[in-house]
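Below, each chain spelled out in residue letters.
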Amino acid sequence: SNAAQVQVELGNGTPGCSRGAPSLVLSPTRSDWNAAGSTVSYIATVRNRDSEACDPDDFDLNLSAPSGWTLSSGAASLTITPQNSVSTTIQLTSLNETAPGSYELGATANRKIASSQASVNSSDPARSYYFVLPGTGETVVALSTNRSVYHPGDHIDLYIDAAADGTTAADTPYTLTLTRPDGAVLSKSGSTDARGTATHSFDVSSCAQAEIGRAHV
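Residues numbered from 1 in each chain as written. Predicted model: local features only at pLDDT ≥ 70, side-chain atom pairs only at ≥ 80, totals over all residues. Heavy atoms only, no water.

**Quick look at the sheet that holds strand 7 (residues 85-93)**
Part 1: Pairing is antiparallel across the open sheet formed by 4 strands, whose spatial order is 1-3-7-5. Looking at the sheet topology across the chains shown, the edges are occupied by strand 1 (23-27) and strand 5 (70-73). When the angles between neighbouring strand axes are averaged without regard to direction, this sheet yields 20°.
Part 2: In terms of strand pairing, strand 3 (residues 39-47) meets strand 7 through 9 bridges, oriented antiparallel. Looking across to strand 7, one finds that S41 is bridged to Q91. (Pairing = 2+ DSSP bridges. Helix = DSSP H or I, 4+ residues; strand = E, 2+ residues; numbered from the N terminus. Axes fitted to C-alpha atoms, helices over the stretch in contact; angles between N-to-C directions.)

Printed below as a string of structure tokens:
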């Protein structure tokens, strides 16, 4: 007798296609010092990490900023071919009455049509910082990081930016205290350079994935 054969294809419908979570980078990771009410531009670069056998896919940018600030993106959705990247410009404007200090811009890239494999639908969160310049008689020391989530083997870069009396503050002393997810405390001291900045790096050697814990200047 003749036997009927039925071929069933599982997955995303493209033979040989392997999905990968998108990656997202915000640049710069921190702004210059700006007067309150200024508009700062950032570049968001999204990479489609699917294998080359996959079809192009659409990715949405999910952005967050302080309440009341104006946030705009050159493209809300990006169509990207596998193993390629596309960039768009983000503009962030603070309120005129914003107090001096450091403020976060957050972003995530999400697959527009979600895959059944949840782990490949979203990028790790990315963030950058917007610095509001202090006025005369005021001093601000801001702490920022290069990323939001770190994996084993990554380097955590911590940036210190100091400003006072309406300009950057050179030779400002500081003590940096970092509490790791395992409870260990690391401490480093120093002074900012001629540009009012300093950088410290730490290695991530434990924990499968960790948000930056507690870091203080």
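**Some words on the side chain of S144**
Part 1: By the secondary structure assignment, S144 is in strand 10 (residues 139-145).
Part 2: Residue classification places S144 among the buried positions, given a relative accessible area of 0%.
Part 3: Contacts of S144, omitting those with residues within four sequence positions, involve R30, Y129, F131, D157, L158, Y159 and D161. (Buried < 20%, exposed > 50% of the residue type's maximum accessible area, 1.4 Å probe, protein only. Contact = heavy atoms within 4.5 Å.)

**Overview of the sheet that holds strand 9 (residues 126-132)**
Strand pairing in a sheet is mediated by backbone hydrogen bonds. Such pairs are either parallel or antiparallel.
Part 1: Spatially, 2-9-8-4-6 is the arrangement adopted by the 5 strands of the open sheet, whose pairing is mixed. At either margin of the open sheet sits one strand with a lone partner, and together these are strand 2 (30-34) and strand 6 (77-80). Strand-to-strand twist in this sheet, taken as the mean axis angle between neighbours without regard to direction, amounts to 25°.
Part 2: Judged from the 3 bridges that link them, strand 2 and strand 9 form a sheet pairing that is parallel. Paired with W33 across the bridge in strand 9 is F131.

**Remarks on unusual backbone geometry**
Part 1: The omega torsion across S27 and P28 is -5°, close enough to zero to call that bond cis.
Part 2: Here P28 lies in the loop between strand 1 and strand 2.
Part 3: Non-glycine residue Q83 carries a positive phi angle of around 65°.
Part 4: Inspection of the secondary structure puts Q83 in the loop between strand 6 and strand 7.
Part 5: Even without a glycine there, the phi angle at D165 is positive, about 55°.
Part 6: Assignment of secondary structure puts D165 in the loop between strand 12 (155-164) and strand 13 (167-168).

In short, geometric facts, not functional conclusions.
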